[in-house]
Each structure stands twice: as C-alpha cells, then as structure tokens.
Amino acid sequence: MAKGRQRGERGGSGNGSGRTGAAEPLVGQVDGGTAELTPDRERAHAWTLLIDGAPQSHVDLDDPGYLDFSYQRRIGHLIDLAAPARQPLNVLHLGGGAFTLARYTAAARPRSAQQVVEIDAGLVAFVRAHLPLDPQARVRVRATDARAGMAKLPDGWADLVIADVFSGARTPAHLTSAEFLDDVRRVLKPTGWYVANLADGPPLAHLRGQIATAASRFGQLAMAADPVVWRGKRFGNAVLVAADQELPVAEFTRRVASDPHPGRVEHGRELAAFAGGAAPVADASAVASPAPPPSVFR
C-alpha cells in the first residue's frame, strides 16, 4: 500500500464542485494510470484519491486540517512540531498526490512557502481541476522528477523536505539512496528535518535499509509505524524523520500513540537495533521498494 489507507481504516471522499449528495466517483487517465476521486459519505466535501485502485490521499476541502490516513496524520504531527505554532515554514514536498499535506501546512502555518514536485503532469492537472488549491496558499507545483525538481532549489532553503513518492505503489529506486539524501541535505537548512513515508512488509528489509541510509547522513532519527508493521506481521506504512539536532521524540510518541489508529515510535538505540546492521543504500545498488500484496487494499 504504498501511500494508502490500510485495512481497518475508514474510507472517504466528494465531487469536483465540493458537494457530495449523490456524487459519483470521478475518473481520469493520468500518466501513472487511472486516477479516481471517490466521495466521502461521512464528510460533505471530502474525497479519496486512488491510482489504479491504490488509495493515495484523502482531502477535505472544507477542513484541510483534517488528515484521514494514518501516515499523513503522523506527518502532520511532524509539521506541527517542526516549529512554534503558526510559524511559516519553507516546505518541499516530493510527491504531490492530492496536495493533502501542502493544504494542511498552508492551513496550520499561513504564509508558508511550499514547493510540490510531482512527476505525473496528468495527475497534477486532474487534481487541480477537481480539487483546486486555495489561491491564497503559497504553493507552487512543478511537474518533474523529484530529484530533478529538488535540484532547482537553492542550498539551505527548506525547513522540511517531505518525501512521499510512489510509482505503481513502489518508491522509485533513485529516491532510496544515500546520494538522494545528499541532495536532500543540500536543500535543507542546518536545522531542517527530512520526513519520508515508507512502505514495506515482511521481512522489512527495505525499512531496515532506509534506516541505515538515513543514519549515514543524519545524526538523529525516529520512526513511527503500526505495531503489526514493526513486528513484521503486515505490509504497511512507516514515517521516518531525520535531522541533525535533537528531535521532539517524546511529544511525537505521545501524539502517535493517541491517534485513532495508534502507532509506536522508535528512536536511538532501539531503532538502530531494529535496523539490524543493514547497509546504507547507494545509487548503484538501489532498488524500488517492494510492491504491496493485493490483500492490503481489501
């Protein structure tokens, strides 16, 4: 499930005009396959975006501060904790989806400057047509590859780099390497944070490798995931945060544990032990993250 809702999470979404009622799903062909927006029957002006049947994002046009997917809620906690409340941030989003996290940031931190890099130009057009961004939000969208788009930004620009990139439900290989994280570090301010949505299942080799790779480039790490994912019992998402200064692990842990679908946060020696001596990933040896089993979306 690359970016999507796991079994047990609530479904969702609305129509292009922001009205539900008897709204039917909206379908369009985009570069990455078939995009579908399905109406949320419980929230009047909300949608779920799916690509080839895989849930990608949930957006409530009336309440962009509402995050339905567990992994997005965990990233939302990190957006909240990255600076004092309401303080604007410079945020680079690698992967656009329905711009859920950019909308959240704009609502929680007005006047933030945000850059979204999404390779699927067709998806960008589809989302813009049906779920338009607030014209007051300072969100720029660039349709290009994540690393190519990141290369356009100046050194030390970003407070946050959020990586949420999936192609065919897998993170592309070139976005999993230490060289990729060198690009991330160049763009980040010295106090900035790197946040990544990762997906893996038993035996969790991809997660272990990503922890080792981040540890080779950053001094502080923490990761949040469902307990069943930590135990290697189910394919699912994990949210990794990395920085060079101390992270607010205690507060992040408290928030993740109190979510509607509680998760667990590991950091420090426990996270290093979980990585189990995995080697950092290099461009030359990188492979895409594993594909989710079909049962994930049932």
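Everything below is about the structure shown above.
From a predicted model like this one, the values you see are computed outputs, not experimental measurements.

1. A few points about helix α3 (residues 121-130)
Stage number 1. Turning to α3, its buried residues number three or more, namely Gly122, Leu123, Val124, Phe126 and Val127.
Stage number 2. Where α3 is buried, its residues meet β1 (26-30), β2 (33-39), β3 (46-51), α2 (100-108) and β7 (139-142).
Stage number 3. The opening residue of α3 is aspartate 120, an N-cap whose side-chain oxygen sits 3.1 Å from the backbone nitrogen of glycine 122.

2. Quick look at the sheet that holds strand β4 (residues 54-60)
Stage number 1. Pairing within the open sheet is antiparallel, and its four strands lie in the order β1-β2-β3-β4. The sheet terminates laterally at β1 and β4, the two strands that pair on one side only. Taken pair by pair, the neighbouring strands of this sheet meet at an average axis angle of 20°, ignoring direction.
Stage number 2. One ladder, built from five bridges, connects β2 with β3; its direction is antiparallel.

3. Observations concerning the layout of surface pockets
Stage number 1. Quantified by volume, the largest pocket comes out at close to 480 Å³.
Stage number 2. In terms of lining residues, the largest pocket is bounded by 30 residues, among which Glu118, Asp120, Phe166, Ser167 and Gly168 are the most central.
Stage number 3. Within the residue set of the lining of the largest pocket, elements represented by two or more residues are β3 and β4.
Stage number 4. Approximately 290 Å³ is the volume attributed to the second largest pocket.

4. Focus: the pattern of salt bridges
Stage number 1. For the structure on display, the rule yields 14 salt bridges.
Stage number 2. Among the salt bridges present, the one from aspartate 63 reaches arginine 43, with a minimum N-O distance of 3.5 Å. You can see aspartate 63 sitting in the loop between β4 and α1 (70-81) and its partner arginine 43 sitting in the loop between β2 and β3, a full 20 residues away along the chain.
Stage number 3. Since its relative accessible area comes to 33%, aspartate 63 is described here as partly exposed.
Stage number 4. In this structure, the salt-bridge partner of lysine 189 is aspartate 159, at a minimum N-O distance of 3.2 Å. Taken as a pair, lysine 189 in strand β9 (residues 188-200) and aspartate 159 in strand β8 (residues 158-163) lie far apart in primary sequence, 30 residues in all.
Stage number 5. A relative accessible area of 16% means that aspartate 159 is categorised as buried.

5. Let's talk about the packing of α1 against helix α8 (residues 249-257)
Stage number 1. Running from N to C, α1 and α8 cross one another at 145°; their axes reach a closest spacing of 10 Å. Two packed elements cross with a definite hand, and for α1 against α8 that hand is right-handed. Here Arg74, His77, Leu78, Asp80 and Leu81 of α1 lie close against α8, whose contacting residues are Glu251, Phe252, Arg255 and Val256.

6. Some thoughts on helix α5 (residues 178-187)
Stage number 1. Looking only at α5, the buried set comprises Ala178, Phe180, Leu181, Val184 and Val187. End-on view of α5: buried residues confined to an arc of 165°, all on one side of the axis.
Stage number 2. Where α5 is buried, its residues meet β5 (90-94), α4 (146-150), β8, β9 and α6 (205-215).

Rules used in this analysis
- All chains use their own residue numbering, which begins from 1 and follows the written sequence.
- For a predicted model such as this one, the threshold for reporting local features is a pLDDT of at least 70, and the threshold for listing and counting side-chain atom pairs is 80 or more; totals across whole chains, interfaces and linings nevertheless cover every residue.
- To obtain the side-chain values, all non-hydrogen atoms of the structure were included, while hydrogens and water were left out.
- Exposure categories follow from relative accessible area, calculated using a 1.4 Å probe and restricted to protein chains: below 20% of the type maximum is buried, above 50% is exposed, and the middle band is partly exposed.
- Secondary structure elements follow DSSP: runs of H or I of four or more residues count as helices, runs of E of two or more count as strands, with numbering from the N terminus.
- Residues are treated as being in contact if the distance between any of their heavy atoms lies within 4.5 Å.
- Pairing of N or O atoms within 3.5 Å defines a polar contact, subject to two protein rules: one partner must be a possible hydrogen donor and the other a possible acceptor, and residues neighboring in sequence count only if both atoms are side-chain atoms.
- Between any two strands, pairing holds if DSSP finds at least two bridges.
- Angles run from 0 to 180 degrees between N-to-C directions of axes, and those axes are lines fitted to C-alpha atoms, restricted for helices to the stretch in contact.
- Both site types are read off a 1 Å grid over the protein atoms alone. A 1.4 Å probe that fits but cannot get out defines a cavity, while an open set with protein on both sides within 12 Å along at least five of seven lines defines a pocket; lining residues have an atom within 4 Å of a point.
- Grid points are joined across faces, edges and corners, and a volume is the space filled by probe spheres set on the points.
- What makes a salt bridge here is a side-chain nitrogen of Lys or Arg within 4 Å of a carboxyl oxygen of Asp or Glu, nothing more.
- We call a crossing left-handed when the near helix sits turned anticlockwise from the far one by less than a right angle, and right-handed when that turn is clockwise.
- The arc in question is the one spanned by the directions pointing from the helix axis to the C-beta atoms.

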